[in-house]
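Spelled out from the first residue to the last, the chains are:
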Amino acid sequence: MNPILGMLIFTCGGLAGATFLLPARYVKGWAYESWWFIYVLVGLIICPPVICTFTVPDFWNVVMSAPKAVLLRCAGFGMMWGVGALAWGLMVRYLGIGLGLAIGCGLCAATGTLIPPIATGHAADLVKDAAALTVLGGVFGSLAGIVFVGLAGKLKEDELPEEEKKKAVMEFDFKKGIITAIIAGIFSAGMNFGLQSAGVIEEAAVKAGANPCWRGMPVIMVVLWGGFIVEAVWCFQQNWRNKTFGDYAKPSLRNILLCASIGIIWVMQFVCTKAGEPLMGDLKYISFAIMMASTILFSTIIGVMTGEWKGTSAKTKAYLAFGTAVLVVSFCVISFASKP
């Protein structure tokens, strides 16, 4: 055990989650769906088996030794996440990194806490004792934080002229952003469900000789299979609809490298989440919440640095700061009150 190192690794995952879309600002000449497909091809299909090759001996047999029901469950949660991921990209497209990720991560953490017991018929567990009530209080706290961050976004929309809003976020649209943020927040929780539902694969990885820190890498790969199916279908459908298949026929080395970097940075947030868990002992359950909290912190900082809140009033910035602080505190409450 090394909880301090584990927390640092989770925080690195949060940094990856906050920054992975930054290279997209510099992709030129390709439609949104075209560069998105290259990113998911690298991040969801190419990177996971490469990582497994270097971390888990005979990883393919480790995965195939799992019951089909486990593989289908992981892939199914991956498909659920895939829907959320598509909305996630649109959310950032319409709201920007700072506002979009604060709302999306807050909703994701809340739904990730509430949905499992409700879906499994154990809704009563949410109020069974003081610890459960504390977790529920943390969830409502995160929702309150989302309200304040959302109010900051609405004030921003009202305060700035259209040309100013477009300077930092080219397609800023608060209404579309909120709709996609709700979808992203609910469905993206599927990633955490998938990562936590394949203990048999993690056990097989350790038996095969993998370091315990890397035992979750094959699980990531299986979950992302499902996610890739959803995202690839959407990308090709959009290519067909918008007649943008030609983007693949005129490859740009610059664009390919940028999209590949998006995929590599993106997958590292989940690599960090699973790699840090064995260092935490009984505290491994806090991994997802810590990553979400640090993603919000870093995304807010990046949003300020990239000018997303430039020209807004002190009141708007105060709402943003207060909402962000409430979200981070709520995640800490959820994490530590969730201790088994």
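Keep in mind it's a predicted model, so treat the numbers as computed, not measured.

Asker: How would you sum up the nonpolar core? Please name residues and give values.
Answerer: Membership of the largest hydrophobic core comes to 89 residues, with the highest contact counts inside it found for Trp35, Trp36, Ile201 and Trp266. When residues in this core are grouped by element, the largest group, 13 residues, is from helix 4 (residues 68-95). Setting aside its immediate chain neighbours within four residues, Trp35 contacts Leu21, Ala24, Val27, Trp30, Cys259 and Ile262.

Asker: Explain the pattern of salt bridges to me, and be specific about the residues and the numbers.
Answerer: Here the structure, examined in full by the defined rule, presents two salt bridges. One salt bridge connects Glu202 with Arg215, and the closest N-O pair in it is separated by 3.3 Å. Here Glu202, found in helix 10 (residues 199-207), pairs with Arg215, found in the loop between helix 10 and helix 11 (217-242); they are 13 residues apart in sequence, far enough to count as distant. Arg215 carries the same exposure label as Glu202, and that label is buried. The partner of Glu202 in a salt bridge is Lys274, and the shortest N-O contact between them spans 2.8 Å. Of this pair, Glu202 sits in helix 10 while Lys274 sits in helix 13 (residues 253-276), placing them 72 residues apart in sequence. An identical accessibility class is assigned to Glu202 and Lys274; each is buried. Counted as one network, the salt bridges with shared partners bring together Glu202, Arg215 and Lys274.

Reading guide: rules and limits
- Residues numbered from 1 in each chain as written.
- Predicted model: local features only at pLDDT ≥ 70, side-chain atom pairs only at ≥ 80, totals over all residues.
- Heavy atoms only, no water.
- Core = buried A, V, L, I, M, F, W, Y, C linked by side-chain atoms within 4.5 Å.
- Buried < 20%, exposed > 50% of the residue type's maximum accessible area, 1.4 Å probe, protein only.
- Helix = DSSP H or I, 4+ residues; strand = E, 2+ residues; numbered from the N terminus.
- Contact = heavy atoms within 4.5 Å.
- Salt bridge = Lys/Arg side-chain N within 4 Å of Asp/Glu carboxyl O.

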